[in-house]
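# Fold and contact review
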Amino acid sequence: MNRENVARRLFLSAAILSASVTVLILGFMVVLALPLFKQGLFFEILSQPWLPDSSIFGIFPMIVGTASIALLSLVFGFPLSLGVSALASTFAPTRIGFLLKKTVQMMTGIPTVIYGFVGVFLLVPIVREMFGGGSGMCILAASAMLSVLIAPTMILFFSESFENVPKQHIDAVDALGGTPVQKFLYVILPGSWRGILTGVVLALGRAVGDTLIALMIAGNAVALPSSVLDSVRTLTSHIALIIAADFDSLEFKTIFACGILLYLLTTISVLVIRVLSSKTRGMP
Amino acid sequence: MKAFTFQGIMFGVCLIVVALLTIVPAGAGPIDGFKGQQGTIRISGGTAHIPVMKEAAKRIMTENPEIQISVAGGGSGVGIKQVGEGLVDIGNSGRKPSDEETAKYGLEHFKWAIDGVGVVVNPKNPVKTLSRDQLKAIFAGNETSWRALGGQDKMINVYTRDKASGTRAVFWKKALDKGVITARANFVVSNGAMKSAIGNDPYGIGYVSVGHMDATVAPVALDGVVPTLDTVKSGAYKVARGLYSNTKGEPSGLTALFIEYLFSTEGRQIVMEKGFIPVR
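Residues numbered from 1 in each chain as written. Chains lettered and ligands numbered in written order. Predicted model: local features only at pLDDT ≥ 70, side-chain atom pairs only at ≥ 80, totals over all residues. Heavy atoms only, no water.

### Some words on the pattern of salt bridges
Counted by the stated rule, this structure contains 20 salt bridges over all chains. Residues joined in a network through salt bridges with shared partners are E55, K58, R59, E266 and E273 of chain B. (Salt bridge = Lys/Arg side-chain N within 4 Å of Asp/Glu carboxyl O.)

### Points about the packing of aromatic side chains
We describe a pair of aromatic rings using the distance from one ring centre to the other and the angle between the two ring planes. All names here are of chain A. Summed over all chains, the structure comprises twelve aromatic pairs over all chains. For the ring pair F117 and F121, a centre distance of 6.2 Å and an interplane angle of 10 degrees mean the geometry is stacked. One end of the pair is F117 and the other is F121, both in helix α6 (residues 112–131) and four residues apart, which spans about a single turn. Take F121: its relative accessible area is 45%, and that puts it in the partly exposed class. (Phe/Tyr/Trp six-rings, centres within 6.5 Å; stacked < 30°, edge-to-face > 60°. Helix = DSSP H or I, 4+ residues; strand = E, 2+ residues; numbered from the N terminus. Buried < 20%, exposed > 50% of the residue type's maximum accessible area, 1.4 Å probe, protein only.)

### Remarks on the side chain of N92 of chain B
Looking at the element boundaries, N92 of chain B is found in strand β3 (residues 90–93). Polar contacts involving the side chain of N92 of chain B include one to the side chain of S245 of chain B, which spans 2.7 Å. (Polar contact = N/O pair within 3.5 Å; in protein donor to acceptor, adjacent residues only side chain to side chain.)

### A word on the confidence of the model for chain A
Summarising the model, chain A shows a mean pLDDT of 87, and 95% of its residues fall at 70 or more. Helix α2 (residues 34–38) of chain A is the least confidently modelled element of chain A, averaging 83 in pLDDT, while helix α4 (residues 60–91) of chain A averages 93, the highest of any element. (pLDDT = per-residue confidence, 0-100.)

### Let's talk about a nonpolar patch on the surface
Residues and elements named next belong to chain A. A grouping of I110, V113, I114, F117, V118, F121, L122, I126, M130, F131 and L212 is seen on the molecular surface, where their side chains present a nonpolar patch of about 960 Å² in accessible area. For the nonpolar patch, the element with the highest residue contribution is α6, accounting for nine residues. According to the relative accessible area criterion, F117 is partly exposed, its value standing at 45%. (Patch = residues over 30% accessible without salt bridge, like charges linked within 9 Å, V, L, I, M, F, W, Y side chains within 5 Å. Areas by Shrake-Rupley, 256 points an atom, 1.4 Å probe, with all protein chains shown as cover.)

### What to know about the domain arrangement of chain B
All names here are of chain B. According to the domain assignment, chain B consists of domain 1 (37–114 + 242–278) and domain 2 (116–240). Contacts between domain 1 and domain 2 engage 15 residues on the former and 17 residues on the latter. In total, about 1100 Å² of surface goes out of reach between domain 1 and domain 2, with carbon and sulfur atoms giving 63% of it. In this structure, the connection of domain 1 to domain 2 is made through five residue pairs in polar contact (both at pLDDT 80 or more). No other element matches the three residues that helix α3 (residues 76–84) contributes to the side of domain 1 that touches domain 2. (Domains from an automatic or database assignment. Contact = heavy atoms within 4.5 Å. Buried area = accessible area lost by both parts, 1.4 Å probe.)

### Some points on the layout of surface pockets
The gaps of empty space that remain are located by a probe, the size of a water molecule, rolled over the atoms. Empty space within the largest pocket amounts to approximately 1300 Å³. As for the largest pocket, its lining consists of 47 residues, of which R95, K163, A164, A169 and W172 of chain B are closest to the centre. Of all the secondary structure elements, the ones that give two or more residues to the lining of the largest pocket are β1 (50–51) and α12 (235–242) of chain A together with α3, α4 (99–105), α6 (166–174) and β11 (240–248) of chain B. Among the elements that make up the lining of the largest pocket, the one with the highest residue count is α6 of chain B (six residues). In the lining of the largest pocket, the residues fall into 21 nonpolar, nine polar and 17 charged. (1 Å grid on protein atoms, 1.4 Å probe; cavity = no way out; pocket = protein on both sides within 12 Å on 5 of 7 lines; lining within 4 Å. Points joined across faces, edges and corners; volume = space filled by probe spheres on them. Nonpolar A, V, L, I, M, F, W, Y, C, P; charged D, E, K, R; others polar.)

### Some words on the confidence of the model for chain B
All names here are of chain B. Per-residue confidence for chain B gives a mean pLDDT of 87; residues scoring 70 or more make up 89%. When the elements of chain B are averaged for pLDDT, helix α1 (residues 6–27) gives the smallest value, 51, and strand β9 (residues 218–219) the largest, 95. Note that residues 20–28 has pLDDT below 50 and, in this model, three contacts with residues that lie over four places away or in other chains. Prediction confidence for the complex, expressed as pTM and ipTM, is 0.77 and 0.74 respectively.

### Focus: the environment of S264 of chain B
Relative to the helices and strands, S264 of chain B resides in the loop between α9 (253–263) and α10 (265–273). Since its relative accessible area comes to 12%, S264 of chain B is described here as buried.

### Quick look at the interface of chain B and chain A
Chain B puts 25 residues into the contact, and the matching count from chain A is 30 residues. Overall, the association of chain B and chain A removes approximately 2100 Å² of surface from exposure, summing both partners, and the carbon and sulfur fraction of that is 52%. For K163 of chain B, the salt bridge is made with E251 of chain A, and the minimal N-O distance between the two is 3.7 Å. The interface formed by chain B and chain A contains nine residue pairs in polar contact (both at pLDDT 80 or more). Among the residues forming the side of chain B that touches chain A, the class breakdown is twelve nonpolar, five polar and eight charged.

In structure tokens:
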């Protein structure tokens, strides 16, 4: 057996190992959630409210909470990221763009607990005083903070795809006398929408999966929210808060339902990216 | 010239011996048992216990650098579960472990302090006294404005703890008479987090261990009794509980020494300094 073969097998087994861990985790969660499926409770849990005093352990409010925080954080984060990456890769002078990008790269390394602290002591009081009612621990505060967390993911993806637009196209615009704005709107944006989409889906995945920010500043109430100023609990915070419950209780088993749901959400988003990028292959 | 005479050396030796004699007794005491020991003690669970645990750990580790003591929170439920599963050596709880838990894991309980659980509001809040019925109405979500209670025309923000909390268990049982807690309540994960939440929210109301109360929050009198160390001690304030350290089976080695230390004069001193009432 030559050296190349050994290397190939080594890498193959590494790939199989890491892939199987992912599958095993899903299997593990499904097995532990099996009692829920057997009793036909799984879909009931997904659609019911959380009323532990009446022995109803539904995670519907947490699903709504996760969705609203994640989507709103995209609403805040997307324009911001698009602007920063456009500035960094197209509009600003090269050196400023470089500095900007380095700063954003550094932002990816900040632990989320830091954002959580800033949220608790800075953002929450502001939201509370600005909007009157409520504690300030709410969807709005959490998603505003979360948008800062997910922005670097989007910015780095966006600027990379902006830079991958073929040089000839850009030169052509310059030759035709197009302004930088025209260049960005009519050539760069259409040419890099795939990268933009990938960045958005990844950022969404990060927003859905983040635990600490929501746990610290979303308030964790179990009621169904009726406005962005309501306190909510996300699926991830719910897992963190319930993990201490009795192992054998139904309450504890709901966290596997949360886990499966989070897992499926991530898988679906990855699949969406795959499908989109393969369909558009070969287009300008 | 001889620099080191015999007498000179003897004098030096005597000086060193005297110095040693004066240093050692200062370290003598309940902490002595740890001398020459090494190893780790892992502690988790009740968050009310943390200040005492940290102080005790600090003193033991300063004297005996070979001993490592880690203190984590999580809540009483976590403490009981982790010590039962053998993940930690000592699991703290702010309630007595249920008979079921005790039997399932073979737990030994050590109650080393009495602690009250008091209602707190932000110091800026003028409402400093509530009747039990008012308190129940607030936590049930039926009373939603501070105005009816003599405060500002602002919504009441209720803060509570997750189910693993012993503080919550005791408060729910003894202050709310097992009444409902509104689903709109904000959840925080420790006594410390409750304190910073209420200290930050001028319209918030929550409950913390009396030992944790300080100037950042204001205690609220319940039926005319202000929760303080003295009222808890005298029994006038009824919402009180024991602070427990639990081990799986009889403690041994360092764990036994640590628990012994909590009951020693020095340990009881720490318990008092941190705002709790030591028990024998």
